[in-house]
Amino acid sequence: MNKFLKEFKERGYFYQCTSEDELSQLLDKEKIKGYIGFDCTAESLHVGSLLQIMCLRLMQKHGHRPIVLIGGGTTRIGDPSGKDKTRNYKRTFRKNN
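Quick summary incoming for the structure in this document.

Conventions adopted
- Residues numbered from 1 in each chain as written.
- Predicted model: local features only at pLDDT ≥ 70, side-chain atom pairs only at ≥ 80, totals over all residues.
- Heavy atoms only, no water.
- Helix = DSSP H or I, 4+ residues; strand = E, 2+ residues; numbered from the N terminus.
- Polar contact = N/O pair within 3.5 Å; in protein donor to acceptor, adjacent residues only side chain to side chain.
- Contact = heavy atoms within 4.5 Å.
- Expected span 1.5 Å × (residues − 1).
- Buried < 20%, exposed > 50% of the residue type's maximum accessible area, 1.4 Å probe, protein only.
- Right-handed = clockwise from strand over helix to strand, strands pointing away.
- Salt bridge = Lys/Arg side-chain N within 4 Å of Asp/Glu carboxyl O.

Another aspect to go through is the side chain of N2. Inspection of the secondary structure assignment puts N2 in the segment before α1 (3–10). Of the polar contacts made by the side chain of N2, one reaches the backbone nitrogen of F4; its length is 2.8 Å. Looking at N2, its side chain comes within polar contact range of the main-chain nitrogen of L5, at 3.1 Å. Look past the residues within four positions of N2 in its chain and what remains in contact with it is S24, L27 and D28.

Set out below in structure tokens:
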């Protein structure tokens, strides 16, 4: 089994996969890219965000390429719940007094 995939599983990041053997072989042959996009309209990051970042960091440790996008492009994709409007990313921030 590929070293990255083995550690990914040992850390509990892996639940199931189609063609796991083929994935392991691919990871032995090639360096892959992993992507996370964060919505810039969110109030903050959360535990789910941390888990995604930890997964990308593990990829990087094994020589793969993590890609993190924050901002307008990710926000403009729209709401995954099926709404047809993009998120409003023009927001006002209040000053801390």
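This brings us to helix α3 (residues 47–61). With 15 residues, α3 should reach 21 Å at 1.5 Å per residue; the first-to-last C-alpha distance of 21 Å fits that figure. Listed as buried for α3 are S49, C55, L56, L58 and M59. On its buried side, α3 packs onto α1, β1 (33–38) and β2 (65–70). Note on α3: the residue one or two positions beyond its end, G63, has a positive phi of about 90°.

Along the polypeptide, L5 turns up in helix α1. The spacing of L5 and E20 is 15 residues in sequence and 9.2 Å in space, taken between C-alpha atoms.

The side-chain alternation of β1 yields one buried face, formed by G34, I36 and F38, and one unburied face, formed by K33, Y35 and G37. Between the parallel pair β1 and β2, the chain is carried across by α3, and the sense of this crossover is right-handed.

Tallying each qualifying case throughout the model produces 4 salt bridges. Two residues, R11 and E7, come together in a salt bridge whose shortest N-O distance is 2.9 Å. On the basis of relative accessible area, R11 is assigned to the partly exposed category, the value being 46%. Its salt-bridge partner being E7, residue K61 comes within 3.0 Å of it at the nearest N-O pair. A residue pair is termed long-range when its members are at least 10 positions apart, and K61 in helix α3 and E7 in helix α1 qualify at 54 residues. The exposure class of E7 is buried, given its relative accessible area of 13%.

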